[in-house]
Amino acid sequence: MTSTVHRTCPLCEAVCGLTLTLDDGGHVTSVRGDKEDPFSKGFICPKGASLGRLDEDPDRLRKPLIREGDLWREVGWDEAFAAVRAGLGQVTDRQSIAIYLGNPNAHSMAGALYGAPLIKALGTRNVFSASTADQMPKHVASGLMFGHPLAIPVPDLDRTDHLLMLGANPLESNGSLCTAPDFPGRLKALRARGGRLVVVDPRRTRTAALADEHVFVRPGTDAYLLFGIVHTLFAEDLVALRHQVNGLDQVREAAKHFPPEVVSRRTGVPAAVIVRLARELAAARTAAVYARIGTCTAEFGTLAQWLVDVLNVLTGNLDRPGGAMFPKPATEFGARRRPYQVGRWKSRVRGLPEANGELPVATLADEIETPGEGRIRVLLTVAGNPVLSAPHGDRLDTAFGRLDFMVSVDPYLNETTKHANVILPPPRVLQSGHYDFALLGFAVRNYARYSPPSLPLEGQPSEAQILARLAMIASGLEGDLDAFVIDEMLRKAAETPGSGIEGRDVAELRDLLEGETGGERRLDLMLRLGPYGEWAGKGDLSLRKLLDNPHGLDLGALEPRLDEVLKTASGLIELAPPRLIEDVERLRGKMDEEPPEIVLIGRRHLRSNNSWLHNVGTLVGGSNTCTLQINPADVARLGLAEEAVVRSAKGQVTVPLEPTDSIMPGVVSLPHGWGHAGSAQSVAAEHAGVSVNTLTDESAVDVPSGNAVFNGVPVTISPTGVITAH
Ligand SMILES: Nc1nc2c(c(=O)[nH]1)N[C@H]1C(S)=C(S)[C@@H](COP(=O)(O)OP(=O)(O)OC[C@H]3O[C@@H](n4cnc5c(=O)[nH]c(N)nc54)[C@H](O)[C@@H]3O)O[C@H]1N2
Ligand SMILES: Nc1nc2c(c(=O)[nH]1)N[C@H]1C(S)=C(S)[C@@H](COP(=O)(O)OP(=O)(O)OC[C@H]3O[C@@H](n4cnc5c(=O)[nH]c(N)nc54)[C@H](O)[C@@H]3O)O[C@H]1N2
Ligand code: SF4
Ligand SMILES: [Mo]
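Residues numbered from 1 in each chain as written. Chains lettered and ligands numbered in written order. Predicted model: local features only at pLDDT ≥ 70, side-chain atom pairs only at ≥ 80, totals over all residues. Heavy atoms only, no water.

- Labelled according to an unreviewed UniProt entry, the protein chain appears under the name Anaerobic selenocysteine-containing dehydrogenase, originating from Nonomuraea solani.

Concerning the overall build of the protein chain
Thinking step 1. Helix and strand counts for the protein chain stand at 26 helices and 29 strands.
Thinking step 2. Taken against the 2.2 N^0.38 rule, which gives 27 Å for 726 residues, the C-alpha radius of gyration of the protein chain at 25 Å falls within 12% of a compact globule.
Thinking step 3. Here the protein chain holds 726 residues, and the buried ones make up 62% of them.
Thinking step 4. Of the contacts formed within the protein chain by residues at least 6 apart in sequence, a portion of 72% connects residues at least 24 apart.
Thinking step 5. As displayed, the protein chain offers around 26,800 Å² of accessible surface, 51% of which is attributable to carbon and sulfur atoms. (Helix = DSSP H or I, 4+ residues; strand = E, 2+ residues; numbered from the N terminus. Rg over C-alpha atoms; globule rule 2.2 N^0.38 Å. Buried < 20%, exposed > 50% of the residue type's maximum accessible area, 1.4 Å probe, protein only. Contact = heavy atoms within 4.5 Å. Areas by Shrake-Rupley, 256 points an atom, 1.4 Å probe, with all protein chains shown as cover.)

Some details on the site of ligand 3
Thinking step 1. Taken together, Cys9, Leu11, Cys12, Ala14, Val15, Cys16, Phe43, Cys45, Lys47, Gly48 and Asn174 make up the full set of residues adjacent to ligand 3.
Thinking step 2. Tallied by class, the residues present in the shell around ligand 3 amount to eight nonpolar, two polar and one charged. (Near = heavy atom within 4 Å. Nonpolar A, V, L, I, M, F, W, Y, C, P; charged D, E, K, R; others polar.)

Observations concerning the site of ligand 1
Thinking step 1. Around ligand 1 there are 28 residues in total, and Asn385, Ser389, Asp410, Glu463 and Ser611 lie nearest to it.
Thinking step 2. Here an oxygen atom of ligand 1 and a side-chain polar atom of serine 389 are 2.6 Å apart.
Thinking step 3. Within the contact set of ligand 1, an oxygen atom lies 2.6 Å away from a side-chain nitrogen or oxygen of serine 611.
Thinking step 4. About the coverage of ligand 1: the protein hides 94% of its 920 Å² of free accessible area.
Thinking step 5. Of the residues contributing to the shell around ligand 1, the split by class is 14 nonpolar, ten polar and four charged.
Thinking step 6. Inspection of the shell around ligand 1 shows a minimum of three residues originating in each of domain 1 (65–135 + 344–424) and domain 3 (596–719). (Polar contact = N/O pair within 3.5 Å; in protein donor to acceptor, adjacent residues only side chain to side chain. Domains from an automatic or database assignment.)

Examining the UniProt feature "domain: 4Fe-4S Mo/W bis-MGD-type" (unreviewed entry) in the protein chain
Thinking step 1. According to UniProt, the "domain: 4Fe-4S Mo/W bis-MGD-type" (unreviewed entry) feature falls on residues 2–59.
Thinking step 2. When the span residues 2–59 is considered, its composition is 16% helix and 31% strand, and the gap between its end C-alpha atoms is 25 Å. (UniProt positions renumbered as here; feature names shortened; annotations may be inferred.)

A short note on the sheet that holds strand β5 (residues 71–74)
Strand-to-strand pairing in sheets goes through backbone hydrogen bonds, with the strands running parallel or antiparallel.
Thinking step 1. Judged by pairing direction, the sheet is mixed, and its seven strands sit side by side in the order β5-β4-β17-β16-β15-β6-β7 without closing on themselves. Each end of this open sheet is capped by a strand with a single partner; those strands are β5 and β7 (127–129). Here the average twist between neighbouring strands, direction ignored, is 20°.
Thinking step 2. Lying on the sheet, helix α4 (residues 109–122) is in contact with β6 (97–101), β7 and β15 (378–382); it crosses β6 at an angle near 170°. (Pairing = 2+ DSSP bridges. Axes fitted to C-alpha atoms, helices over the stretch in contact; angles between N-to-C directions.)

Remarks on helix α5 (residues 136–146)
Thinking step 1. A large share of α5 lies buried, amounting to eleven of its eleven residues.
Thinking step 2. Those residues of α5 not exposed but buried are Met136, Pro137, Lys138, His139, Val140, Ala141, Ser142, Gly143, Leu144, Met145 and Phe146.
Thinking step 3. Positive backbone phi, at 90°, marks glycine 147, one or two positions downstream of α5.

Describing the pairing of strand β13 (residues 288–291)
Thinking step 1. Of the two faces of β13, the one holding Ala288 and Tyr290 and the one holding Val289 and Ala291 are both buried throughout.
Thinking step 2. Bridge count for strand β9 (residues 162–166) against β13 is four bridges, and the pairing is parallel. Counted as the bridge partner of leucine 164 is valine 289 from β13.

Observations regarding the environment of leucine 226
Thinking step 1. Within the element layout of this structure, leucine 226 appears in helix α9 (residues 222–235).
Thinking step 2. Of the residues examined, leucine 226 reaches a relative accessible area of 0% and is grouped as buried.
Thinking step 3. Sequence spacing of leucine 226 and proline 260 is 34 residues, and the spatial spacing of their C-alpha atoms is 9.7 Å.

Looking at the packing of α9 against helix α12 (residues 271–283)
Thinking step 1. Close contact between α9 and α12 brings their axes to 8 Å; oriented N to C, the two are set at 60°. Between α9 and α12, the angle is such that the two are oblique. Crossing angle aside, the handedness with which α9 passes α12 is right-handed. Taking contact as the criterion, the partners of Leu225, Gly228, Ile229, Thr232 and Leu233 in α9 are, on α12, Ile274, Val275, Leu277, Ala278, Leu281 and Ala282.
Thinking step 2. Tallied by class, the residues present in the contact of α9 with α12 amount to nine nonpolar, two polar and no charged. (Parallel < 35°, antiparallel > 145°, perpendicular 65-115°, else oblique. Left-handed = near helix turned anticlockwise from the far one by under 90°.)

Put into structure tokens, the structure is as follows:
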């Protein structure tokens, strides 16, 4: 007997619907794209197709582990949690505890629903996450411009006439901060309907190859390029505002310092091309500018993210169909926030600014190593592998060895979790419910889909239960965390005019919620109170409705909604936030700087996922290997052979070369997430590679956001000196 289940793929931001066949033992016998999913329409990529193999990986932990010296002992859950309680009990100063929340928290219900309560229970400001190795510049720019860090406009991919894309390669990554299953198909459709796609990247990527035009840019210089475009719009009187804004004059003034002929020297983009990019953007019937990781994890990440939306505003494309639009996710509801601020507190050692309640992961090692009050002595990691993914991760590898106590919630024993005293493994993906609380807020169509667990838990706790239990241990409270959260939400909504349940009885409403678990009941509540919810009065969405529609529900094309989204104190778009105008001085200061001879950038491969899919045999090898892409002219100039030594201010690695003219001379690229030598994961150990974050520099950050800088790292390259026999 086989059974068929439908569920959302949790492996990347594209949220594809999958159809899986399971045998009696719960073994996955096939994985296909779900053709009836109205959003992904049957699309699947090699990672999704390997979900069964990943889920059944024999190296996955199934029981908690406690480390005793260098040895690991499998233990029961009660013993594991008792060890956590004892470990956390050692500390009296809450500030000496830290938490790192890794990328998969953005993909799990547990991360979305229990991450915040866990942070609160820990009572520390030492909160770190993948966000400061990723998109924090976008949050800061959006927070300052629109008043909310999650007010992130996405390109209206399916309707735009012109897409200017910088530092993103969705043909490999499947898209980011732009949830769009079958991103490649959507780009092809854009071109097929006569639209134009321009890609700006130091590499001619697969996405660039599909575009109408590819523009090579020197790494780390996108803010200059974007300013050159802004300059041209003003100089040629091409500004076409559609919204009332604050700060137009300041932007015009700031842009005067960045004429195309000047920024051309820094960016390597010819002035005539910059001018043309501006004219094309202005002339397009509708257009969107979209920029991702290549422009975020850079020295001027926040300025670049800001200028992207400055361009969307100046060309009249913000908040209109075909332009850059704000999605309306089903679990959003109108909690009022104070105007956005950044830098409300600073990190202890380097004085780096807080953003979104977090400190930069680039300073985690400082906070563990530097003595004094508030030194981090205890660390919790949830779904993260910062030894491989944080800047200069090698230093964290040493620093983690100095902790008094460490707990990791992770299905693998890996480069980071090997330092833990206790590892708590979440159950299989198929045993977990799935709803994309975070990613549906960036979707190019409004859409919702819930996947209940496909297999029973068989005695172990769900990841939600693990995190809830950790929160209870940390807070010292007893009771049901979900019931507490639900009552709080209901109480607030009952007091809020226009919530749809104003003045109603909390206990009576609580009884109406459906769901097998606290997490499901919280989802039900958020759906009902959301913009399509049965209680908010504009629809009939609830958990029940999603369960009745296992392929997902299309909630329509994006619609203009700036008025609802704007949360600035002025009620206007802040086009020139003072903090960013201040940072423009830093940009100007480096305008005439001589670029290093060679700089390092990153890249992603279709069959990769940051640091953790290398143990699935079908996903490693072939094109997905850890090689240094380098222009053949550099290979010749530097006298290199098959391998080379790459050195930075922080470390060195020896890597095989992949000469290719798809990368600019003077730029080399290494993917991140490798470096599994000696790993307990057998397949990953065979395909170890080296960690690019041996080379990256934690002392360099994007100033306004504290974000890590992974692109534009100065390196030198030399022959290995090994003579190969022929
Ligand atoms: N040089 C360089 N470094 C980079 C980047 C780059 O481009 N260049 N990219 C950065 C970016 S964008 C990001 S997001 C970070 C990502 O870096 P991290 O936040 O460290 O995340 P991952 O590397 O994806 O590691 C995920 C961990 O979560 C575990 N895991 C997987 N699924 C689950 C689950 O369901 N529950 C739990 N509890 N654990 C799970 C895996 O075993 C693994 O240990 O890396 C950053 N690092
Ligand atoms: N297959 C796969 N998919 C993934 C991931 C993965 O590891 N593998 N990771 C997921 C995560 S966590 C994220 S955040 C997203 C990221 O999604 P994307 O942003 O699409 O990430 P990349 O594919 O790394 O594309 C970044 C591009 O930026 C270019 N670049 C580097 N430096 C610069 C620069 O200074 N300027 C410009 N203009 N371009 C530059 C690189 O050459 C690269 O082509 O992908 C997600 N999806
Ligand atoms: S594109 Fe992303 S969501 Fe879709 S199948 Fe692949 S990994 Fe899963
Ligand atoms: Mo990321």
